[in-house]
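Breakdown of the fold
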Amino acid sequence: MGHYQTMDHTPLARALAAQLAAPEHIRRLFAQVPRHRFLPDVMWGPGREQYDRTADPEGWLAVAYTDQALTTQRDDGAEGGMGVPSSSSSAPSVMARMLTAARIEPAHRVLEVGTGTGFNAALLCQLLGSGQVVTVEVDEGIAAGARSSLYAHGVHPTVLTGDAETYASGGQASYDRIISTCTVSRLPSVWVRQMRPRGRIVTPWAPAPGAPGGVLAVLDTTDSTAEGRFEGGLSFMWARGQRERGGTPPPHQGVPAERTEQVLADPRGPWLDGDQALLLSLLMPGWSYGMGQEPDATEPYVWLTSTTDTPGWARLHANGRIEQGGTRRLVDDANRAWALWESWDRPEISDFGLTVDLTRGVQTVWVHGPQHTIWSTRR
Ligand SMILES: C[S@@+](CC[C@H](N)C(=O)[O-])C[C@H]1O[C@@H](n2cnc3c(N)ncnc32)[C@H](O)[C@@H]1O
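Residues numbered from 1 in each chain as written. Predicted model: local features only at pLDDT ≥ 70, side-chain atom pairs only at ≥ 80, totals over all residues. Heavy atoms only, no water.

**Considering the packing of helix 2 (residues 24-32) against helix 5 (residues 119-128)**
In plain terms, the rule: An axis is simply a line fitted to the C-alpha atoms; with a helix, the fit covers only the stretch in contact. Between two such axes, the angle follows the N-to-C directions and lies from 0 to 180 degrees. Think of it this way: any DSSP run of H or I at least four residues long counts as a helix, any run of E at least two long counts as a strand, and we number them from the N terminus. The scheme is simple: roughly parallel for angles under 35 degrees, roughly antiparallel for over 145, roughly perpendicular for 65 to 115, oblique for anything else. Handedness of a crossing is defined here by the sense of rotation of the near helix relative to the far one, left-handed for an anticlockwise turn of less than a right angle and right-handed for a clockwise turn. Here, residues are in contact when the closest pair of their heavy atoms is within 4.5 Å. Note that Gly is not counted as nonpolar here; it falls among the polar residues with everything else outside the nonpolar set of Ala, Val, Leu, Ile, Met, Phe, Trp, Tyr, Cys and Pro and the charged set of Asp, Glu, Lys and Arg.
Relative to each other, helix 2 and helix 5 sit at 120 degrees, their axes nearing to 10 Å. Relative to helix 5, the element helix 2 lies oblique. In this structure, helix 2 crosses over helix 5, and the sense of that crossing is right-handed. Contacts between helix 2 and helix 5 involve His25, Leu29, Phe30 and Gln32 from the first element and Phe119, Leu123, Gln126 and Leu127 from the second. In terms of residue class, the contact of helix 2 with helix 5 is made up of five nonpolar, three polar and no charged.

Spelled out as C-alpha cells, the structure:
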C-alpha cells in the first residue's frame, strides 16, 4: 500500500465543488463523489503533461481536484501513437454545466453516452440512485475499468459495452434524459427513439470533425424530433464513428491554386479567433481547418477544406494572399455567411439552435427560432 491511500481528499473535493457555478444540488455532488477514485495512475493534463500517481502521489491527487479535463487514454489505448486523447475525465465545470442543462428530476431514468472513467455516472447515481442510471461505453477495457471503479465506490449503474450510435434498448422508449459526453455531428436516431415523453438530450455537437470546437446542444424531444438551442461553446472528443474528417484533403503547399487574390488586411482573422470561428461553423456548414507553414513565411497560413461532397479548399496568408481551389469557394462562402450574420444583428451562439427530424431525415441549424433556417443536411 502506498502512503497516498491515506491522504485526505475531502478538503480538496469541497474546495472544487465550492468554485463551480451550478445549483447547489449539482455542486454538492462534486463534494460527495471522490473524483480521484475514478482516475488511472497515469494521466495527462491539458498541456499533455503527465501525472503519475506512483512517482508523485500528491501532485496526482491535487490535479484530480482542479477544474481540468484529464486525459485517461490516448490513441484508443494503442502503443506508439501520436498521443491523441481518446478518453478523459471532463473538466468538472463542464460536467456541472451539462448536468444543470439536463434539468434532471428525481424520478428520471438517465442514459449517459461515453462512460469513460465512470465519474459522471457516479455523480448521476448519487443524484438519482443506481437503478435509474445506464451508461454506455464503446471501449471494452474502459467500460471494464469504469465498472470496477463504480462498484468499488458502492454504486451499481448498468454499464453497457457497445457503440451508443447503434445501441437500442429493445426499441422501447425508456429514458427521460440522455447526457452524451462525446461530440456528434449527426444525432443518432436511436437516441431520439429511446426517449420517453418530454425527454431531453444534452450533447456536444459540431457540424463536422475538424471544425472549430463545438457547442452544447440542449434538445427537447418528441417521438421523431429533437429540437433546442445551443448553450454556448464546448469542446469534447468525438464519438468514435463520427470522428473522421472526410471530404477534401488539406491542401499541401505544392497544390497549385485555381484562383489567387490579394486583399489588404490579414484574411486569417476570423479563423484565428476561437469565438468567430465557432460562429462561422454554425453559419456555414461542412468545412474544416488547420494551419500550415511555408518555409519563407514568417507566419503560418490557415487552410480550409470542404467536408461535403462538393470539393473545395483555400489557403489564407498573413500578407493578404488568398488561394482557392475546387468547385466550392470556401472564402466566398464565408464572406456571404458573415454578411448574413451582420444582417441578422450579429446573433450569439445561444441564439442558434438545431432541429433533428427523423421523419424527414434532415437536420437543420437555425437562428432565433426553428422557423429561420440557416442550413439543413440529410441525416
Ligand atoms: C470525454 S470521455 C467520457 C467521460 C466520462 N463521462 C467520465 O465521466 O469520465 C468520452 C468517452 O466516450 C467514449 N465513446 C466515444 N464514442 C462512443 C460511442 N459511439 N459509444 C459509446 N461511447 C463512446 C470514448 O471511448 C470515451 O471513453
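What follows continues from the structure just given.
**Some words on the sheet that holds strand 19 (residues 373-378)**
The condition that has to hold: When DSSP finds at least two bridges between two strands, those strands are taken to pair.
Taken in spatial order, the 10 strands line up as 7-6-5-8-9-10-11-17-18-19 in an open sheet, and their pairing is mixed. At either end of the open sheet lies a strand with only one pairing partner, and these are strand 7 (158-161) and strand 19. Pairs of neighbouring strands in the sheet enclose a mean axial angle of 20 degrees, with direction left out of account. When strand 17 (residues 352-357) meets strand 18 (residues 362-367), the two strands line up antiparallel, connected through six bridges. Considered in strand 18, the bridge of leucine 354 is made with valine 365. Along the sheet, helix 9 (residues 274-283) contacts strand 9 (195-205), strand 10 (215-221), strand 11 (225-233), strand 17, strand 18 and strand 19; its crossing angle with strand 19, the most-contacted strand, is approximately 65 degrees.

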